[in-house]
Amino acid sequence: MQLELSAEDAAFRQEMRTFFTTQVPQEIRDAVAERRELTKDQVVASQRVLNAAGLAVPHWPEEWGGRGWSALRRHIWHEEMQRACVPTPLAFNASMVGPVIAAFGSQEQKERFLPRTANLDIWWSQGFSEPDAGSDLASLRTTAVREGDEFVVNGQKTWTTLGQYGDWIFNLVRTDPEAKKQAGISFLLIDMTTPGVTVRPIELIDGGHEVNEVWFEDVRVPAENLVGELNKGWDYAKFLLGNERVGVAPVGSTKRVLAQAKDYARSVSVAGGLTLLDDPLTVARIAELENELLALELTALRVVAHSADGKPHPASSVLKLKGTELQQAVSELVVDLAGPASLASGAGDADSDLAGWARHATPVYLNLRKASIYGGSNEIQRQIIAKTILGL
Ligand SMILES: Cc1cc2nc3c(=O)[nH]c(=O)nc-3n(C[C@H](O)[C@H](O)[C@H](O)COP(=O)(O)OP(=O)(O)OC[C@H]3O[C@@H](n4cnc5c(N)ncnc54)[C@H](O)[C@@H]3O)c2cc1C
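Please read all numbers here as calculations on a predicted model, not as lab measurements. (Residues numbered from 1 in each chain as written. Predicted model: local features only at pLDDT ≥ 70, side-chain atom pairs only at ≥ 80, totals over all residues. Heavy atoms only, no water.)

Here we take up the overall build of the protein chain. For the protein chain, the helix and strand inventory stands at twelve helices and ten strands. A compact globule built from 392 residues should have a C-alpha radius of gyration of about 21 Å, and the protein chain, at 22 Å, falls within 12% of that. Projected onto its principal axes, the C-alpha coordinates of the protein chain cover approximately 80 × 50 × 50 Å. Split into buried and exposed, the 392 residues of the protein chain put 47% on the buried side. Within the protein chain, residue pairs in contact and separated by at least 24 positions form 70% of the contacts whose partners lie at least 6 positions apart. For the protein chain, the accessible surface area stands at approximately 18,500 Å², while carbon and sulfur atoms represent 52% of it. Of the side-chain charges in the protein chain, 39 are positive and 51 negative, and the distance between the mean point of each set is 4 Å. (Helix = DSSP H or I, 4+ residues; strand = E, 2+ residues; numbered from the N terminus. Rg over C-alpha atoms; globule rule 2.2 N^0.38 Å. Buried < 20%, exposed > 50% of the residue type's maximum accessible area, 1.4 Å probe, protein only. Contact = heavy atoms within 4.5 Å. Areas by Shrake-Rupley, 256 points an atom, 1.4 Å probe, with all protein chains shown as cover. Lys, Arg positive; Asp, Glu negative; His and termini not counted. Charge placed at Lys NZ, Arg CZ, Asp CG, Glu CD.)

As structure tokens, then:
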């Protein structure tokens with residue numbers, strides 16, 4: 001395998017690096033670097049800067065803002081963005097609903113939604129999971145019953161990430177209760193301001209409000225908001241989930257945090273005038289994580305290179321599994337570097353004596369426990385790998 005970039009690709013990388021480090025507002029990049037939660041305005045502002053330069057949705061069809069780049073260039077774009085602490089375009093828009101509408105939506109839906117989705121004029125939420133329908137997603141019970149030109153939707157979604165900001169939500173709904181589970185599901189777009197839609201917050205272990213329950217009570221949705229064919233929603237969901245898994249292996253940002261961790265280690269003094277970066281065990285742990293990240297990065301390149309016709313390779317499950325494991329391992333390393341003080345009561349308060357990175361270490365660690373659950377839990381990814389890759 002050739003690991004050196006060609007002169008053209010190296011120039012492309014420099015172009016991306018210059019753009020990301022000079023055009024995206026510094027205060028947004030600082031928030032990412034310090035692992036602070038971004039506001040809605042910051043996420044929107046950043047995506048609009050990217051979109052204006054044609055850098056928000058390069059993987060979409062060219063007609064809708066895609067760039068027709070090679071898989072390697074897309075990887076470089078993504079990597080440099082994360083390296084420069086630029087928030088990646090909102091996944092619900094850029095990697096989930098956008099590609100589904102582009103591939104399966106009507107011409108009207110494409111014209112109506114894709115430009116606004118790329119520019120984050122619409123903030124999308126993902127309405128797939130329900131109580132008792134997470135890993136076993138096909139058991140979902142939210143119903144959509146056709147009445148004239150409308151569907152009437154009733155049911156409950158859960159774990160809806162950032163649903164408090166959502167303008168629209170893309171849903172899996174049951175449209176044929178008689179059919180085999182997977183065969184009776186459709187993909188429906190719902191304006192969240194429609195009467196009967198209620199969003200309720202769920203508090204997470206880090207104290208943050210990131211996820212929600214969404215309730216639908218006799219919500220009337222124009223039939224034109226059905227994507228693709230009736231009862232074919234499971235096919236579109238599988239297409240979307242494959243993309244989601246590629247997107248949840250944040251190699252670039254995990255590499256960045258690991259590089260930052262070295263600086264953190266250097267800033268912690270231990271006995272004998274030494275720092276934690278002089279400790280052989282700490283150094284060995286960092287080196288091992290670096291190696292694993294490099295291996296993951298090469299695997300990611302192979303996976304994108306082998307995705308045919310926009311269809312994700314089954315190995316996207318490997319990326320999801322290993323990517324989230326490494327993300328969690330690096331967050332654990334940072335907590336260990338910060339030491340017991342970062343766990344103390346009040347440690348996370350803005351006026352605590354701790355350095356910013358140490359203040360955020362524990363909440364970030366706790367928050368990232370979610371990474372092995374969402375996008376399909378890691379146990380489920382292992383089953384997919386066993387069945388589709390290893391043939392067990
Ligand atoms: C922070 C967060 C954000 C999320 N955001 C969204 C969102 O925006 N939109 C959305 O639709 N969903 C979202 N989800 C939902 C997520 O996709 C589901 O939580 C996930 O698919 C797991 O489903 P579940 O929670 O029902 O767990 P369950 O399916 O009940 O699983 C519980 C445990 O059992 C294991 N398990 C289940 N079945 C098997 C099996 N067959 N073999 C082995 N082990 C098994 C699981 O791995 C898990 O450890 C989010 C979840 C989290 C935690």
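Packing of helix H10 (residues 316–338) against helix H11 (residues 356–367) brings their axes to within 9 Å, and their N-to-C directions diverge by 140 degrees. Put simply, H10 runs oblique to H11. The two elements H10 and H11 meet at a crossing, and its hand is left-handed. When H10 is examined against H11, the residues Ser-331, Glu-332, Val-334, Val-335, Leu-337 and Ala-338 are found in contact with a partner set consisting of Trp-357, Ala-358, Ala-361, Thr-362 and Tyr-365. For the contact of H10 with H11, the residue count by class is eight nonpolar, two polar and one charged. (Axes fitted to C-alpha atoms, helices over the stretch in contact; angles between N-to-C directions. Parallel < 35°, antiparallel > 145°, perpendicular 65-115°, else oblique. Left-handed = near helix turned anticlockwise from the far one by under 90°. Nonpolar A, V, L, I, M, F, W, Y, C, P; charged D, E, K, R; others polar.)

This part covers the packing of aromatic side chains. Under the counting rule described, the total for this entry stands at 14 aromatic pairs. Their ring planes at 75 degrees and their centres at 5.0 Å tell us that Phe-113 and Trp-168 sit as a pair that is edge-to-face. Taken together, the residues Phe-113 in helix H6 (residues 107–118) and Trp-168 in strand S4 (residues 168–174) connect sequence positions 55 residues apart. Trp-168 gets classed as buried once you look at its relative accessible area, which sits at 8%. An aromatic cluster is defined as three or more aromatic residues linked by ring pairs; in this entry it consists of Phe-113, Trp-124, Phe-128, Trp-168, Phe-170 and Phe-187. Sitting over the face of the ring of Phe-151, Arg-146 holds its NZ or CZ atom 5.5 Å from the ring centroid. Against the face of Tyr-365 rests Arg-369, its NZ or CZ located 3.9 Å from the ring centre. (Phe/Tyr/Trp six-rings, centres within 6.5 Å; stacked < 30°, edge-to-face > 60°. Lys NZ or Arg CZ within 6 Å of the ring centre and 35° of its normal.)

Lining the immediate environment of the ligand, one finds 18 residues, of which Ser-135, Trp-159, Thr-161, Ser-377 and Glu-379 sit closest. Between the ligand and Phe-128, the relevant distance is 3.0 Å, taken from an oxygen atom to a main-chain nitrogen or oxygen of the residue. Within the side chain of Ser-129, an N or O atom sits 2.8 Å from a nitrogen atom of the ligand. Compared with its free state, where it exposes 960 Å², the ligand has 67% of that area covered by protein. (Near = heavy atom within 4 Å. Polar contact = N/O pair within 3.5 Å; in protein donor to acceptor, adjacent residues only side chain to side chain.)

The next point concerns the packing of helix H5 (residues 91–104) against H6. When two helices pack together, you describe them by how their axes are tilted relative to each other and by the distance separating the axes. Axis separation between H5 and H6 bottoms out at 10 Å; the angle between their running directions is 165 degrees. Classed by the angle they form, the pair H5 and H6 counts as roughly antiparallel. Two packed elements cross with a definite hand, and for H5 against H6 that hand is left-handed. On H6, the residues that touch Asn-93, Val-97, Gly-98, Ile-101 and Ala-102 of H5 are Gln-109, Lys-110, Phe-113, Leu-114 and Thr-117. Looking at the contact of H5 with H6, its residues break down into five nonpolar, four polar and one charged.

To continue, consider the UniProt feature "domain: Acyl-CoA dehydrogenase/oxidase N-terminal" (unreviewed entry) in the protein chain. Residues annotated in UniProt with the feature "domain: Acyl-CoA dehydrogenase/oxidase N-terminal" (unreviewed entry) correspond here to residues 7–119. The span residues 7–119 shows a helical share of 68% and a strand share of 0%, and its end C-alpha atoms are spaced 32 Å apart. (UniProt positions renumbered as here; feature names shortened; annotations may be inferred.)

Before going further, it helps to spend a moment on the nonpolar core. The biggest cluster of nonpolar side chains holds 52 residues, and the ones touching the most others in it are Phe-20, Leu-50, Trp-124, Phe-128, Phe-170, Phe-187 and Leu-189. Residue assignment for this core shows that the elements contributing at least two residues are helix H1 (7–23), helix H3 (40–52), helix H4 (71–83), H5, H6, S4, strand S5 (185–191) and helix H7 (233–247). Among the elements that make up this core, the one with the highest residue count is H5 (seven residues). Setting aside anything within four residues of it in sequence, one finds Phe-20 in contact with Arg-29, Leu-50, Leu-55, Trp-77, Glu-80, Met-81, Ala-84 and Val-86. Core analysis: the next-biggest nonpolar cluster, separate from the first, contains 26 residues, Leu-289, Val-303, Val-334 and Ala-358 among them. (Core = buried A, V, L, I, M, F, W, Y, C linked by side-chain atoms within 4.5 Å.)

So, about H10. For H10, with 23 residues, the first-to-last C-alpha span of 33 Å sits near the 33 Å given by 1.5 Å per residue. Of all 23 residues that make up H10, 17 are buried, and the element is covered over most of its length. In the stretch just after H10, Gly-339 is the one whose phi turns positive, near 80 degrees. (Expected span 1.5 Å × (residues − 1).)

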